[in-house]
Every structure is written in structure tokens, then in C-alpha cells.
Amino acid sequence: QVKLVESGGGLVQAGASLRLSCAASGRTFSSYTMAWFRQAPGKEREFVAAISWSGGSTYYADSVKGRFTISRDNAKNTVYLQMNSLKPEDTAVYYCAAGFRIYYSHSFQAAYDYWGQGTQVTVSS
């Protein structure tokens, strides 16, 4: 069982930066692929970024590539999402997700077993 708790959301202006954190419980964090998804009002939840269990590989949605960076600290059981050059279209609830050693389909929600409760990010124009 893995419990995920996100933090770091807030209200910022376009062009600003935010760093989201996701703290995970459990002793097997380093065996889990971690990801961030987001859901904007009236839209389906979508993939944002993922990182392999070792941290050696990262994956991004085209819409955030070059602006967002996912990282993890296995000693702290925490995954981060650094978001730079934020745009109003980045406004959404951001969810952290964990899946046991995902080799493929990093962007598919069904590949992930555990989800956090979400943190709101609002970007004003």
C-alpha cells in the first residue's frame, strides 16, 4: 500500500513558477514509477510527466516539455514537479500517481495503482 500526499499548489500569474511535491508512504517507494497527471475544469484527466523508479528516465506531455521538470528523491520518498513559465492553460488539479515498475504506457492512467488527492494550481493571465 502506498499513500500519496501532494502539496505546493497555489495561485500564480502567467510566467511564474511553482514546485509541486508528492510525499509517499511505504518502504518500497524506489520500486515505483511516479507520475503527475492533471485535470482542468470540464476536461478529462491527462498525463503530464513520469519518472522511472530509478530516476534515470523521464517522460513528458508535449504541452509541458521544456517548461516542466519531474524529479524524485528516493531517500525522502518524494517526487517533485518543477513548473516554469506557467500559462493559464496549465490551470488544473494536479494529481500524483504511483505504479509498480512501469516499463511501457507511462502516460496511461490505468498503469498506476495509487493516487493522491490532488492539489490545485491556478494560473491567472
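Here the structure is a predicted model, which means the values were calculated and not measured.

## Brief notes about the overall build of the chain
At step 1: Of the regular secondary structure elements, the chain holds zero helices and 11 strands.
At step 2: Going from N to C terminus, the chain has its helices and strands arranged as β-β-β-β-β-β-β-β-β-β-β.
At step 3: Whereas a compact globule of 125 residues would reach a radius of gyration of roughly 14 Å, the chain reaches 13 Å, a difference of no more than 12%.
At step 4: Considered along the principal axes of its C-alpha atoms, the chain spans approximately 40 × 25 × 25 Å.
At step 5: Residue burial in the chain is summarised as follows: out of 125 residues, 46% are buried.
At step 6: Long-range pairs, those at least 24 residues apart, make up 59% of the contacts in the chain with a sequence separation of at least 6.
At step 7: Roughly 6400 Å² of accessible area belongs to the chain as shown, and the carbon and sulfur atoms make up 48% of that amount.
At step 8: In the chain, 12 positive and 8 negative side-chain charges are present, and the distance between their average locations comes to 7 Å.

## Side note on the sheet that holds strand β7 (residues 68-73)
At step 1: Strand order in the open sheet formed by four strands is β1-β3-β8-β7, and the pairing between neighbours is antiparallel. Bordering the open sheet on either side are β1 (4-7) and β7, each of which pairs with just one other strand. For this sheet, the mean inter-axis angle between neighbouring strands, taken without regard to orientation, is 15°.

## Notes on the side chain of T78
At step 1: Within the secondary structure, T78 is located in strand β8 (residues 78-83).
At step 2: A relative accessible area of 10% places T78 in the buried class.
At step 3: Separated by 2.8 Å, the side chain of T78 and the backbone oxygen of K76 make a polar contact.
At step 4: What T78 contacts, discounting residues up to four positions off in sequence, is S21, C22, A23, F29, S71, R72 and D73.

## Quick notes on the packing of aromatic side chains
At step 1: Evaluated as defined, the whole model comprises seven aromatic pairs.
At step 2: Aromatic side chains Y112 and W115 sit 6.3 Å apart centroid to centroid with 70° between the ring planes, which places their arrangement in the edge-to-face category.
At step 3: Judged by relative accessible area, W115 falls into the partly exposed class, the value being 25%.
At step 4: A network of ring pairs unites the aromatic residues F37, F47, Y112 and W115 as a single cluster.
At step 5: Sitting above the plane of the Y95 ring, R45 keeps its charged end 4.9 Å from the centroid.

## Examining the state of the cysteines
At step 1: Inspection of the entire model under this criterion finds one disulfide.
At step 2: C22 shares a disulfide with C96; S-S distance 2.1 Å. Between C22 and C96 the sulfur-sulfur dihedral comes to about -80°; the bridge is accordingly left-handed. Placement of the pair is C22 in strand β3 (residues 18-24) and C96 in strand β9 (residues 92-100), with a sequence separation of 74 residues.
At step 3: C22 gets classed as buried once you look at its relative accessible area, which sits at 0%.

## Observations concerning the pattern of salt bridges
At step 1: Under the definition given, this model contains four salt bridges.
At step 2: Look at the salt bridges and you will find they share partners, linking R38, E46, R67 and D90 into a network.

## Some words on the environment of S71
At step 1: Inspection of the secondary structure puts S71 in strand β7.
At step 2: Dropping the residues within four chain positions of it, S71 is found in contact with I51, T78, V79 and Y80.

So, how was this worked out
- Residues numbered from 1 in each chain as written.
- Predicted model: local features only at pLDDT ≥ 70, side-chain atom pairs only at ≥ 80, totals over all residues.
- Heavy atoms only, no water.
- Helix = DSSP H or I, 4+ residues; strand = E, 2+ residues; numbered from the N terminus.
- Rg over C-alpha atoms; globule rule 2.2 N^0.38 Å.
- Buried < 20%, exposed > 50% of the residue type's maximum accessible area, 1.4 Å probe, protein only.
- Contact = heavy atoms within 4.5 Å.
- Areas by Shrake-Rupley, 256 points an atom, 1.4 Å probe, with all protein chains shown as cover.
- Lys, Arg positive; Asp, Glu negative; His and termini not counted.
- Charge placed at Lys NZ, Arg CZ, Asp CG, Glu CD.
- Pairing = 2+ DSSP bridges.
- Axes fitted to C-alpha atoms, helices over the stretch in contact; angles between N-to-C directions.
- Polar contact = N/O pair within 3.5 Å; in protein donor to acceptor, adjacent residues only side chain to side chain.
- Phe/Tyr/Trp six-rings, centres within 6.5 Å; stacked < 30°, edge-to-face > 60°.
- Lys NZ or Arg CZ within 6 Å of the ring centre and 35° of its normal.
- Disulfide = S-S within 2.5 Å.
- Salt bridge = Lys/Arg side-chain N within 4 Å of Asp/Glu carboxyl O.

Everything listed here is a matter of coordinates, which is why it stays silent on function.
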